[in-house]
Every structure is written in C-alpha cells, then in structure tokens.
Amino acid sequence: MSANLEHIQDAAETVRAKFAETPRVGMILGTGLSGLASQIDTSATLAYEEIPHFPLSTVETHTGQLVCGSLSGISIVAMEGRFHFYEGYSMQQVTFPIRVMKELGIEILLVTNAAGGMNPHYDLGDLVVIEDHINFMGDNPLIGPNDESLGPRFPDMCAPYDPQLIGLAQSAALELGIRAHRGVFVAVAGPNLETRAEYRMLRGWGADLVGMSTVPEVIVAAHAGLRVLAFSIVTDICLPDALEPVNIEEIIKIAGTGGERLAKIIPDVLRRIA
Ligand code: HPA
C-alpha cells in the first residue's frame, strides 16, 4: 500500500496540537546520537505510541519519541529512534514519519546512522557525509499507486543529497577540527552483517559505507522534494581480507563516541542554515 494522505494528516494534527510552530528541519537521530537530543531546547515530546498510525519501535537502543523544539535557533522536529526494515516493518511504515514531518512543514531532512566502513581510508568512529547512495534493500517505499499530491511517479535521483548542505557540513567539520569524509552509502536489508564476499562486491560497486537504514527515508524525502543531509558514523571496519567478527555492544559504543563529535557538527550546520 502506498502512503495514505489521511493518516499523514491525522498524525501531523496530533503533533501540531502539542507543537504549534512550523519546523524547518526534521532529524532522524540514529544509534549514538542521544547526546544531540539532550541539546534540543524542547517544547514538546511525543512518544511514538501517542501519534496515530506511527509504527512502534522495537530495538532497545532506540527510544521512540518525537522531540519538538529548537536547536541553534532553528525550529526542528527530531526522531529519537527510527524504524528499520529488518524489524519487519513495511517500507511504508519505515518512511511514514518522513511524510508526517513534511506535512508539518520541514524543508530539510537531516539523517544520521551507524555504518560499516568499506573504504580503506576510514577509521573506527570516523564521520562520513553521505554524498550518494545505492539502494540494495530489495524493496522501495514508492512502490504502489502514486499520490501526485505527495510527489511525482518517477522522482529524479540526480542529487538526493543536497550539494550545498554537504558543503556546509564539511566546512563546519573543518572549522571544528573534526575529520569528516564524503562517501557513497549502500543500504542492505540486514539484519545479518555481510559476508566477506558481499563486502568485496559492495566495495566493487563503488560504495564506501554499508548500513541497514537511511535509503528508504531519503528516497521518500526526494519524492517529497526535501533537501537532505546525511551522516554516517563508521562503527566497524569492513575490509574483506582482514575481516574480524564484530560485536553489537562494541558497535554501539563506537557509535556513541562518533555521535559526540557529530553532536558538535550538527548545531554548527544549523547555525549556517539559519
Ligand atoms: N553492515 C551493515 N550494516 C551495518 C554495519 C555493517 O557492517 N555496521 C553498522 N551497520
């Protein structure tokens, strides 16, 4: 089933009842970014259960609430916790919150995630500004009848990640003295990590990073005409000829250290947008 306009408006209405402002930026705070949530000057918080038609979050590291307020003087809504395809949600469920944030009035979507680093120049905990993606999830949130009021049937994917925002992010990182690469992100369905043969193949395709989120949300953002800025934190090193078993606790810990640096860059980027 494609996105349902009534459900989107219903959910947006519930958010508006608690937060009357029009947010300019919507954020998806992935693993490791809880520190950023605490920097938001919060006006209202809605648990996902309170918002009609929102799916419920199941992963322990994701709390599942929409934080509304301001950061660096810009009105924002931030998803603390996202929905993953591997949890069993449909692509429509995974991307429903993006539709709702668009309905609330956002112009920019800022996404963060934890990802495996396949580019040999990347170190653990490094930050990467995503400049392009490959959808290898085997599904697409835009499949089904297209509602022209939400976006075009065949959305352009020439530059889903806004070049100007990428530039701002890199300038902010440079001034803060934080290393930030630019890279291509490939999305897989998960939930298993990749085999050595798969990492070799994905690297050969031209991807620098691999992860299990972000691409569905960015496809819907592109469909909705939003400008996107996305960051990955490199939480494991995926070199096929030197691959070591990872443990999820370790990944979460590294996401936390990268997240602290990202929590400095993001408010700076917002200041540059203001
Ligand atoms: N593969 C897929 N998703 C991931 C990885 C990975 O190596 N690391 C963090 N998310």
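Residues numbered from 1 in each chain as written. Predicted model: local features only at pLDDT ≥ 70, side-chain atom pairs only at ≥ 80, totals over all residues. Heavy atoms only, no water.

A. The overall build of the chain, seen in detail. If you tally the helices and strands in the chain, you get 7 helices and 9 strands. Against the 2.2 N^0.38 benchmark of 19 Å for 274 residues, the chain shows a C-alpha radius of gyration of 17 Å, consistent with a compact globule. Reported as C-alpha extents along the three principal axes, the dimensions of the chain are approximately 55 × 40 × 35 Å. A total of 274 residues make up the chain; the buried ones form 53% of that total. Sequence-distant contacts in the chain: of pairs separated by 6 or more residues, those separated by 24 or more amount to 82%. (Helix = DSSP H or I, 4+ residues; strand = E, 2+ residues; numbered from the N terminus. Rg over C-alpha atoms; globule rule 2.2 N^0.38 Å. Buried < 20%, exposed > 50% of the residue type's maximum accessible area, 1.4 Å probe, protein only. Contact = heavy atoms within 4.5 Å.)

B. The arrangement of the nonpolar core in detail. With 81 residues, the main nonpolar core has Met27, Ile76, Leu109, Phe231 and Ile265 as its most contacted residues. Aside from chain neighbours lying at most four places away, what touches Ile265 is Leu127, Ala169, Ala172, Ala173, Leu176, Ile178 and Phe231. Ranked by size, the runner-up nonpolar core spans 9 residues in total, among them Met118, Val186, Leu202 and Ala207. (Core = buried A, V, L, I, M, F, W, Y, C linked by side-chain atoms within 4.5 Å.)

C. The arrangement of the site of the ligand in detail. By nearness alone, every residue bordering the ligand is listed as Ala114, Ala115, Gly116, Leu193, Glu194, Tyr199, Val210, Gly211, Met212, Thr235, Asp236 and Cys238. Side-chain polar atom of Glu194 to a nitrogen atom of the ligand: 2.6 Å apart, as the coordinates give it. Here a nitrogen atom of the ligand sits 2.6 Å away from a polar atom, N or O, in the side chain of Asp236. Relative to its unbound accessible surface of 260 Å², the ligand loses 94% to contact with the protein. Mapped onto the shell around the ligand, the elements with two or more residues apiece are β5 (108-117), β8 (209-211) and β9 (227-237). Per-element tally for the shell around the ligand: the top contributor is β5, with 3 residues. (Near = heavy atom within 4 Å. Polar contact = N/O pair within 3.5 Å; in protein donor to acceptor, adjacent residues only side chain to side chain. Areas by Shrake-Rupley, 256 points an atom, 1.4 Å probe, with all protein chains shown as cover.)

D. Looking closely at the side chain of Ser213. In this structure, Ser213 sits in the loop between β8 and α6 (215-223). Accessibility expressed as a relative area gives 6% for Ser213, which makes it buried. Beyond its immediate stretch of four places on either side in the chain, Ser213 contacts Arg82, His84, Asn113, Phe185 and Ala187.

E. The arrangement of helix α4 (residues 163-176) in detail. Over its 14 residues, α4 runs 20 Å from end to end, which matches the ideal 20 Å to within 8%, given 1.5 Å per residue. Listed in full, the buried residues belonging to α4 are Leu165, Ile166, Leu168, Ala169, Ala172 and Ala173. Along the axis of α4, the buried residues cluster in a sector spanning 160°; they form a single face. Seen from the buried face of α4, the exposed residues on the opposite side, beyond 90 degrees, are Pro163, Gln164, Leu174 and Glu175. Structurally, α4 contributes buried residues whose contacts are with β5, β6 (127-136), β7 (180-188), β9 and α7 (248-273). With a side-chain oxygen positioned 3.1 Å from the backbone nitrogen of Gln164, the residue opening α4 is Asp162. Gly177 sits one or two positions beyond α4 and adopts a positive phi of about 70°. (Expected span 1.5 Å × (residues − 1). Arc of directions from axis to C-beta.)

F. Focus on the packing of aromatic side chains. In total, this model carries 6 aromatic pairs according to the counting rule given. Ring geometry for Tyr48 and Phe83: centres 5.3 Å apart, planes at 40°, overall tilted. Linking Tyr48 in the loop between β2 (41-47) and β3 (65-71) with Phe83 in the loop between β4 (74-80) and α3 (91-104), this pair joins segments that are 35 residues apart in sequence. The class of Tyr48 is buried, set by a relative accessible area of 1%. On the basis of relative accessible area, Phe83 is assigned to the buried category, the value being 1%. With a centroid separation of 5.3 Å and 80° between ring planes, the pair formed by Phe83 and Tyr89 is classed as edge-to-face. An aromatic cluster is present here, built from Tyr48, Phe54, Phe83, Tyr89 and Phe96 joined pairwise through their rings. (Phe/Tyr/Trp six-rings, centres within 6.5 Å; stacked < 30°, edge-to-face > 60°.)

Just geometry here; none of it tells us what the structure is for.
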